[in-house]
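Next come the chains, spelled out residue by residue.
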Amino acid sequence: MTSVWSGMIALVLTAVIGWFLVPALRALKAGQSIKEIGPSWHMSKQGTPTMGGLMFILGILVAIVLIGWPDIARGDFRAVFVFCFALVFGVIGYLDDYEKVKKHENTREDKEIDRIRHVDTVNAQTGPIFLAYRQNETLKAIVAEEKAKPALYDFVSDDGIRHRVWKINDPAQTEAIEAAFAAIPATYIADGHHRAASAVKVGLKRRAENPGYTGEEPFNYFLSVLFPDEELMILPYNRVVKDLNGLSREQFFEAVKEKFELEEIGKEPYAPAEKGTFGMYLDNTWYALKVLPQYKSADPVKGLDVSILQDQLLGPVLGIGDPRTDKRIDFIGGIRGLKELERRVSEDMEIAFSMYPTSIEELLAVADAGLLMPPKSTWFEPKLRSGLFIHRLS
């Protein structure tokens, strides 16, 4: 009988709490923002609070305290188990609202501040955030159908890359695209963590400056481009370091051999052919490194080649503690080739490392696990040309 009374009181309390909580959440702008490009019936969800489950948790908690406390005092904790069960699902619901776009890297504060100033000053986003999603057959078919039509724009940029743009005008196609993306649980930031972070912070700044905002203003959105994972190419993100951290060439080699096999290659640039191998350029000579088995890891992050190099060589041997802030290290996108590493070593650096590229499967695994990669782990292609699309913030 106690359970029946607890349930009835929890139901009434939930209704009462909801009467006050839902308007409060709306006032705090904790509601969904629905774009007009979707189906008309979808607009009915406009402004629906995304944390309304709080009222159910609060209602159950109060009912347990009022009715179930005598049972708890006698050692009967069944009511507590019910509350914990509800709380777990409440947390899951919160995470579902929060984790829509998954990231895999931390950002560097100096670069983030620079982009915040740029976006805020020009009042526009000129470079899209590069998002990836797991391949979807419906989207693949729609894109193929649209690409069979004449392109709206078709040009070759100065760097020799061809860019083509199609505009989808059919409302039925637009609805099909939205429905397909609604079924995809998450998108992933492939490239543009700094652009994403700066876009969000500029948006929050504009919200603070416009307390009467509705959530529909342009500053509440950011420019992005989405690619299916199967159409992405990841190039290596190579490293160059300023010095040998006070070590002689012989001392450095001895330290490297403790955790890597070392083979001299010669003058020919060396690109690693498999995971766990690295190229090294020092004193006009290329070397091949292969990590010893005991220093490999099954961990999604520690097992990455960029992590192995950082944890087993750059950090303990060359003294690069935090690659995000250390001025003695720089990163060279794989698109520039190995000759760029040789050039940097001949000018302002002492040693270079060529990397085996991180795979898209590794990136998605890290993001799905809620973990973060070391900075500059991936260099993605293709890259949409900045300035081709511009999102004005007002």
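Residues numbered from 1 in each chain as written. Predicted model: local features only at pLDDT ≥ 70, side-chain atom pairs only at ≥ 80, totals over all residues. Heavy atoms only, no water.

**Notes on the pairing of strand β5 (residues 162-165)**
Here is the key point about a regular strand: its side chains alternate between the two faces of the sheet.
Link 1 in the chain: In β5, alternate side chains face the same way, and those of His-163 and Val-165 are buried while those of Arg-162 and Arg-164 on the opposite face are not.
Link 2 in the chain: In terms of strand pairing, strand β4 (residues 153-156) meets β5 through four bridges, oriented antiparallel. In the strand pairing of β5, Val-156 is matched with Arg-162.
Link 3 in the chain: Counted along the chain from β4 to the antiparallel partner β5, the turn is five residues long, and its residue Gly-160 has a positive phi close to 85°. (Buried < 20%, exposed > 50% of the residue type's maximum accessible area, 1.4 Å probe, protein only. Helix = DSSP H or I, 4+ residues; strand = E, 2+ residues; numbered from the N terminus. Pairing = 2+ DSSP bridges.)

**Side note on the sheet that holds strand β11 (residues 277-282)**
Link 1 in the chain: Across the sheet, which stays open at both edges, the six strands sit in the order β10-β12-β11-β14-β9-β13 with antiparallel pairing between neighbours. Only two strands of the sheet have a single neighbouring strand rather than two, namely β10 (260-266) and β13 (329-333). The mean inter-strand angle of the sheet, taken between neighbouring strand axes irrespective of direction, is 25°.
Link 2 in the chain: Note: strand β9 (residues 237-241) against strand β14 (residues 351-354), three bridges, orientation antiparallel. Note that in β14 the partner of Val-241 across the bridge is Ile-351.
Link 3 in the chain: Sitting on the sheet, helix α8 (residues 249-257) is in contact with β10, β11, β12 (285-291) and β14, with an inclination near 175° to β11. (Axes fitted to C-alpha atoms, helices over the stretch in contact; angles between N-to-C directions. Contact = heavy atoms within 4.5 Å.)

**Some remarks on the packing of aromatic side chains**
Link 1 in the chain: The final tally for this structure, using the stated rule, is nine aromatic pairs.
Link 2 in the chain: Seen in terms of ring centroids, Phe-253 and Tyr-287 are 5.2 Å apart; in terms of plane orientation they differ by 65°. Their pairing is edge-to-face. Pair noted here: Phe-253 is in helix α8 and Tyr-287 is in strand β12, with a separation of 34 residues, a long-range link.
Link 3 in the chain: We classify Phe-253 as buried; its relative accessible area is 10%.
Link 4 in the chain: Relative to Trp-286, the ring of Tyr-281 lies with its centre 5.0 Å away and its plane at 40°, an arrangement referred to as tilted.
Link 5 in the chain: Overall, the relative accessible area of 7% leaves Tyr-281 in the buried class.
Link 6 in the chain: A residue is classified by how much of its surface remains accessible, and Trp-286, at 0% relative accessible area, is buried.
Link 7 in the chain: Through a chain of ring-to-ring contacts, the aromatic side chains of Phe-130, Phe-227 and Phe-380 assemble into a single cluster. (Phe/Tyr/Trp six-rings, centres within 6.5 Å; stacked < 30°, edge-to-face > 60°.)

**Points about the nonpolar core**
Link 1 in the chain: Grouped together as the largest cluster of nonpolar side chains are 45 residues, with contacts concentrated most on Phe-252, Leu-313, Leu-314, Leu-318, Ile-351 and Phe-353.
Link 2 in the chain: Excluding anything up to four places from it in sequence, Leu-314 contacts Arg-239, Val-241, Leu-309, Gly-319, Ile-320, Ile-329 and Phe-353.
Link 3 in the chain: Judged by nonpolar contacts, the second largest core, of eleven residues, contains Tyr-270, Ala-288, Met-349 and Ala-352. (Core = buried A, V, L, I, M, F, W, Y, C linked by side-chain atoms within 4.5 Å.)

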